Structures are given as structure tokens and as C-alpha cells.
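As a plain string of letters, each chain reads:
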Amino acid sequence: MKAVTWQGKRDVRVEEVPDPKIQEPTDAVIRVTSSGLCGSDLHLYEVLTPFMTPGDILGHEPMGIVEEVGPEVPNLRPGDRVVVPFQIACGHCYMCGSGLQTQCETTQVTGEGMGAALFGYTRLYGAVPGGQAEYLRVPQAHYGPIKVPEGPPDDRFVYLSDVLPTAWQAVAYAGVPQGGTVAVLGLGPIGDMACRVAQVKGAGRVFGIDLVPERLRRARERGVETYDLRSFDSEKELVAALQGETDGRGPDAVIDAVGTEAHGSAIAKLVQQGAAIMPRKLSGPMAERFSVDRLAALYTAIDLVRRGGTLSLVGVYGGMADPMPMLTLFDKQIQMRMGQANVRRWSDDILTYLTDEDPLGVQDFATHHVPLTDAPHAYEMFQKKQDGAVKVLMRP
């Protein structure tokens, strides 16, 4: 089959690889019909290269048709249409029962000290072959895949794999009061969708902050009050502007949908890039023990949120030696929640919104649909924010 493989920093290729097969009785194999390109994939493309191996199959946002199931997958049959969550969870351990599927005790990558295995996402998360491919082996298929109806196009449901539950959890963790205010830093796919979820869940005012014109326009067209970072000479001016709209306090909650690749510290950027080009035997241990993030977005979020407010971190951070402004966090009595989205914790709630009325605007959420063979160009376009790329779907 054809699959998108990682070959090095900023080097992905579509190659012929062996077809997946049933390996465990709880496996299924699906024929992929759509697979998303995620901002998290760009971390593999640029920042997290020390944890990758040439030939790794990328992608963690697939949906498709069931081709084959193992003997311990009673709820699926060939021909079923399913969305596959990005994390691999068993559904019966303590963590899954607690709604923390990203901490699944059955699939935890204990050798790396990490949580549940993820599709297409580094050796830290199990180096499981991903879904930017023609076919995908799905472990724990008795629990993970979400069956969806025939009829509507893939765009209606494919975001259940990651974008929708990640944005949904970001808003839930933000704890936005009914009629309250929330600021979303970063209007890429997750931030854009978080704005939409906050609106349908009852936020009074949603502020969206970015510096990419196309992203700001998309959010503004859906009623988000947008702020262009390029219009401010300093972070203090942005904070003052938001305080001026919130009785001098700042928003009730701030969602950081940017993460480690924010424009910020040149020193942190140098450390990240240096680790990416070091010999593999050195770069992995260095990144694991001494890595730092570019924390500009997080520092902005801390300054923006009102005293006693909540920060919800959904942008990916991977540093182990990050300096945190503990005095400010403590003094402002800020609450923080974060983590990978627990897809099956939220999927049933989200499905009720994927109706013909389409209140979340999923039907036209993708800006680009490309064949799988165009993956190298799609990665470059998305990474460089070219051609108005906000969300890219690949079709095998």
C-alpha cells in the first residue's frame, strides 16, 4: 500500500509499504477514505525529530471502511464506516473507566514513561503506524473506532478523530461560565474549532487571537471577536485591549491552542533546532531531559486571564526544563488544565452536533482536499501557512 513516511526533518515521502494485517484478536484493519493533516504532525516535521525513525508512517486523524476484524471485536463487521480516535485505548481499565483514555493502562508506553499509545506519533507513544495511508491496522478495535452513518461526506465525521474532541475538551477544561468570556490563542484548526465549540456551549463573548489573515477572517465570519497580533507593538498592549473589553479584569478563561511553536524565544528555538540536527544517540536523551519550549503563547495566556480564571492548554508542549512564572500563577490564583484529548470521553456528546444543521461548521471546515500522493507538498504548504491552508484532508 501507499503511505506517508517520515524520512527526516522537513522530509516526508509517499512510499510503498507492506499492507497491515490482523496481529491480535482485538485488531481491525480499515481501508482509509480520509485522513487529516494535524498541527501536531508539524511537530514531527520540525521539532520532535529526535524521537522519529526513518520510515515511520505518519497520521492520526483517519476514518474509513472496516475490511477485516479479529475474533474479539464483536461490535464491528466488514463494511462498517468508522472514525478512528488518535489514541489507542482499551475501554476497560481504571483510566478508561475514569474518562482518561489518553492514560489507558493497557496501552501505556511504560518503557518511555508515557501515556496511551498514539497512531503515527514517535517512539515515545509506541511508534504505531499511522493513518496517512491506504490501510490501517487498528489495535483495541473492540472499543476505539466510532461507527458513523452512511450518507454524509467524510468531512461531516472525520474530525471526531482529533480536532473535535480536542477542541471540546479544551473548552470543557477552560470552564467558561455561561455567558462568560474566553480568549483563544491561535486560530489554527484546534483554536478555530474551540471558538466554535465555546459559542455553541454558551460563552457570551469569544476572542480569537492570531497573526495569519486567513485564520482571523475565518473566525471573524463566525462571530468571533478577533485580534491581529501584528496590530500590537507589545504583549502588554494586547493584554490591555482584552482587559478593556472585560471590565478591566481579563477573560474568564484562556485557551492556549498554540503550544511550543509560538513565535517567541530565539534561544529556545535554537535549542529545539539544535537537538533536531544532532546525531540520534545524543539528540534523543538531550530532548528528553533538557528540552525547552518556546513559551511565548503560554506567558501571554497567563498575563491575559483574569485573576481566579482558568487556563486550558491544548497546544502541544514537550519541554522538560521549562521555566514557569510560579509567582504570577500563584498570585493570580490561576487554575490550569491540560493534556491530550480523551476522544471516547466526548465523542457521543459531539455526535449530537454533527447534524444536517451543522452548527459547528464541519462540512466546510477543511480548506484543502488533496490526494495522499500530494502529502509532501501538503506538509510544506501547511507548515509555511501558504495558500490559506488551515485544515488539510488527504484522500488515498
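Cut-off values and rules
- Residues numbered from 1 in each chain as written.
- Predicted model: local features only at pLDDT ≥ 70, side-chain atom pairs only at ≥ 80, totals over all residues.
- Heavy atoms only, no water.
- UniProt positions renumbered as here; feature names shortened; annotations may be inferred.
- Helix = DSSP H or I, 4+ residues; strand = E, 2+ residues; numbered from the N terminus.
- Buried < 20%, exposed > 50% of the residue type's maximum accessible area, 1.4 Å probe, protein only.
- Contact = heavy atoms within 4.5 Å.
- Areas by Shrake-Rupley, 256 points an atom, 1.4 Å probe, with all protein chains shown as cover.
- 1 Å grid on protein atoms, 1.4 Å probe; cavity = no way out; pocket = protein on both sides within 12 Å on 5 of 7 lines; lining within 4 Å.
- Points joined across faces, edges and corners; volume = space filled by probe spheres on them.
- Nonpolar A, V, L, I, M, F, W, Y, C, P; charged D, E, K, R; others polar.

As recorded by an unreviewed UniProt entry, the protein carries the name Glutathione-dependent formaldehyde dehydrogenase and is attributed to Streptomyces daghestanicus. UniProt lists a comment for the protein under the heading Cofactor (unreviewed entry), and it reads "Zn(2+)". Within the UniProt record for the protein, the comment given under Sequence similarities (unreviewed entry) is "Belongs to the zinc-containing alcohol dehydrogenase family."

*Asks:* What am I meant to see in the overall build of the protein here?
*Replies:* Within the protein, the regular secondary structure consists of 12 helices and 15 strands. Burial status across the protein gives 55% buried among its 396 residues. Excluding contacts between residues fewer than 6 apart, the proportion of contacts in the protein whose partners are at least 24 apart in sequence is 73%. Here the protein has roughly 16400 Å² of accessible surface; of this, 51% comes from carbon and sulfur atoms.

*Asks:* Quick question: what am I supposed to make of empty space enclosed by the protein here?
*Replies:* With the rule as written, the count across this model stands at three cavities of 30 Å³ or more. Taken as a whole, the largest cavity spans an internal volume of roughly 50 Å³. Residue lining of the largest cavity: T166, Q169, A170, Y173, S312, L313, V314, G339, Q340 and A341, and that is the complete set. For the lining of the largest cavity, the elements supplying multiple residues, two or more each, are α3 (163–174) and β12 (310–313). Of the residues forming the lining of the largest cavity, the biggest block, four residues, is contributed by α3. Along the lines of polarity and charge, the residues of the lining of the largest cavity split into five nonpolar, five polar and no charged. Quantified by volume, the second largest cavity comes out at close to 40 Å³. As for the second largest cavity, its lining consists of V84, P85, Q87, I88, A89, F119, V138, P139, Q140, G144 and P145. Here the lining of the second largest cavity is composed, by residue class, of eight nonpolar, three polar and no charged.

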